Every structure is written in structure tokens, then in C-alpha cells.
Amino acid sequence: MDDRAAAKLEQTTLACNGGFACFIRGQSQPVISRCIIRDGKHHAIVVESAGGLIQGCSILNNAGAAVLIQDAAEPQVECCDLGPGNGRGVVMHAGAKGVVMKCKVEGNTGDAVAIDGVAGSDPATNFQENSIVGMTPSLDVHREALRGANARVPGASTGISRSHVSSRLIAPGAGPKLPSIFN
């Protein structure tokens, strides 16, 4: 979806994709609702310099991230099941400012949530009321993601707001090196 598209995709199954199941860019504002996105060979949904609403979807068994948000993208991801999968659950990178709320991020082989390079945004606002369950490590927040952030959760340097995390919490910058997608 490109060039300010305002498309609507509802109650659809996207399966066995060779690339991204959904690539949203160019200030598009689509609504993706109650869809199943599964068995892809790359990231399921990539949002780049765009927004929109991803709501009530099940995103599972993809090789890459369930949702990759980058390049100042501002989507709203609500009430989705993000996993199980063979990559990360949610990746926020390169100035992303999207909101992920009331989602279940579970059973991914990579980090459930990875935040990198979102300096100036507020992770406490970006992630709200989620259930995060995953393989160790489940949460990887790099130091530059917190620079300038207003972490509102007392004692939590990550600023993940009202989310339940079941697994090991990694100190900022202490997680594994990020793959080449972040270079």
C-alpha cells in the first residue's frame, strides 16, 4: 500500500508469501482488521513512513518479525496475536512512533519486542497493556531507544507501560547485537 492509500483489508487470510505479506509506506493510512497473516518467508507486516490501524489480527508462523515499524511510521496495532513465529514479535526501528496496545506477543523464537533507534519517542506510550511472553530474551531495548524518552513506569528503565512480561528482562543495550536490518 503506497501513495497515501486508505485501503481496507478485513477478514482475509494471507498465507505463504515470498516477501512481506503487507508493506505499508508513503503516508498510507490503511485499516487491516480481523485478518490472519501466516506462513510468510519474511516479515509479515512492514510499516514504513506510514500510519494506519492493524486491529484484531492473528500474525503467526512467519520467518521474520510479525510487525516491523520503521522510518517515522506511526501505525496503531491493537488487540492482535503476534506469534508464534520464527522471528521477533514487534520491532520498532529508525524513528518509529507507532502504538502497540492490548496485543499478545507470544512464542516467537526471537525477541518478543525489540526497540532500537527510536530516540525522542516515548516507549511508555508506544507499548501499552500487552502480554509479552517469549523465548529468552523476550524484551530488548537498546540505549539509544531511551535517549530523550519519558519512562513513566517507576523502576522500569524500558518504559513499557502496563504490560505483562513473562521472561527475562534485558537491561538497555545488554541484549544481543541486532541483525543487519538495523545497520
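Q: Hey, could you run me through the overall build of the chain in this one?
A: Summing up its helical and strand segments, the chain has two helices and 19 strands in all. Buried positions account for 48% of the 183 residues belonging to the chain. Looking at the chain alone, contacts between residues at least 24 apart form 51% of all its contacts between residues at least 6 apart. With the model as given, the accessible surface of the chain reaches about 8000 Å², and the carbon-plus-sulfur share is 49%.

Q: When you look at the sheet that holds strand β10 (residues 76-78) in this model, what are you seeing that I'm missing?
A: Within a beta sheet, neighbouring strands are joined by backbone hydrogen bonds and run either parallel or antiparallel to one another. Strand order across the open sheet formed by six strands is β1-β4-β7-β10-β13-β16, with parallel pairing between neighbours. Both outer strands of the open sheet, β1 (8-10) and β16 (127-128), are each paired with one neighbouring strand and no more. With three bridges connecting them, β1 and strand β4 (residues 31-33) associate as parallel partners. Bridge pairing links lysine 8 to valine 31 in β4.

Q: What exactly am I supposed to notice about the nonpolar core here?
A: It is characteristic of soluble globular proteins that their nonpolar side chains tend to be buried jointly. Core analysis: the biggest nonpolar cluster contains 31 residues, and Ile45, Ile54, Ile59 and Leu82 have the highest contact counts within it. Every element with two or more residues in this core is listed here: β3 (22-25), β6 (45-48), β9 (67-70), β12 (90-93) and β15 (113-116). Those residues in contact with isoleucine 45 that sit more than four places away from it in its chain are Cys22, Ile24, Ile37, Ile54, Ile59, Ala66, Val67 and Leu68. Of all hydrophobic cores here, the second largest spans five residues; its members include Val46, Ala65, Leu68 and Ala114.

Q: Help me out: how do you make sense of the pairing of β9 in this one?
A: Each regular strand carries side chains that alternate between the two faces of the sheet. Where burial is concerned, the two faces of β9 agree: the one with Val67 and Ile69 and the one with Leu68 and Gln70 are both buried. Relative to β9, β6 runs parallel, the two sharing four bridges. Along β9, the bridge assignment pairs isoleucine 45 with valine 67.

Q: Explain the side chain of asparagine 108 to me, please; I cannot follow it from the model alone.
A: Within the secondary structure, asparagine 108 sits in the loop between β14 (104-106) and β15. Within polar-contact distance, the side chain of asparagine 108 engages the backbone oxygen of leucine 82 at 3.0 Å.

Q: How should the pattern of salt bridges be read in this particular structure?
A: Side chains that differ in charge, positive against negative, can pair when their charged atoms come close. Going through the model one piece at a time under the given rule, you end up with three salt bridges. Its salt-bridge partner being glutamate 106, residue lysine 104 comes within 3.2 Å of it at the nearest N-O pair.

Q: Explain unusual backbone geometry to me, please; I cannot follow it from the model alone.
A: What you tend to see is this: most non-glycine residues have negative phi, and most peptide bonds are trans. Note that the residue after glycine 83, namely proline 84, is joined by a cis bond; omega there is 10°. At glutamine 27, a position not held by glycine, the phi torsion is positive, near 65°. Checked against the element boundaries, glutamine 27 lands in the loop between β3 and β4. A relative accessible area of 43% means that glutamine 27 is categorised as partly exposed. In this model, aspartate 39 sits at a positive phi of 60°, which is unusual for a non-glycine residue. Given the relative accessible area of 26%, aspartate 39 is considered partly exposed.

Criteria and thresholds
Residues numbered from 1 in each chain as written. Predicted model: local features only at pLDDT ≥ 70, side-chain atom pairs only at ≥ 80, totals over all residues. Heavy atoms only, no water. Helix = DSSP H or I, 4+ residues; strand = E, 2+ residues; numbered from the N terminus. Buried < 20%, exposed > 50% of the residue type's maximum accessible area, 1.4 Å probe, protein only. Contact = heavy atoms within 4.5 Å. Areas by Shrake-Rupley, 256 points an atom, 1.4 Å probe, with all protein chains shown as cover. Pairing = 2+ DSSP bridges. Core = buried A, V, L, I, M, F, W, Y, C linked by side-chain atoms within 4.5 Å. Polar contact = N/O pair within 3.5 Å; in protein donor to acceptor, adjacent residues only side chain to side chain. Salt bridge = Lys/Arg side-chain N within 4 Å of Asp/Glu carboxyl O.

Geometric values such as these leave the question of function open.
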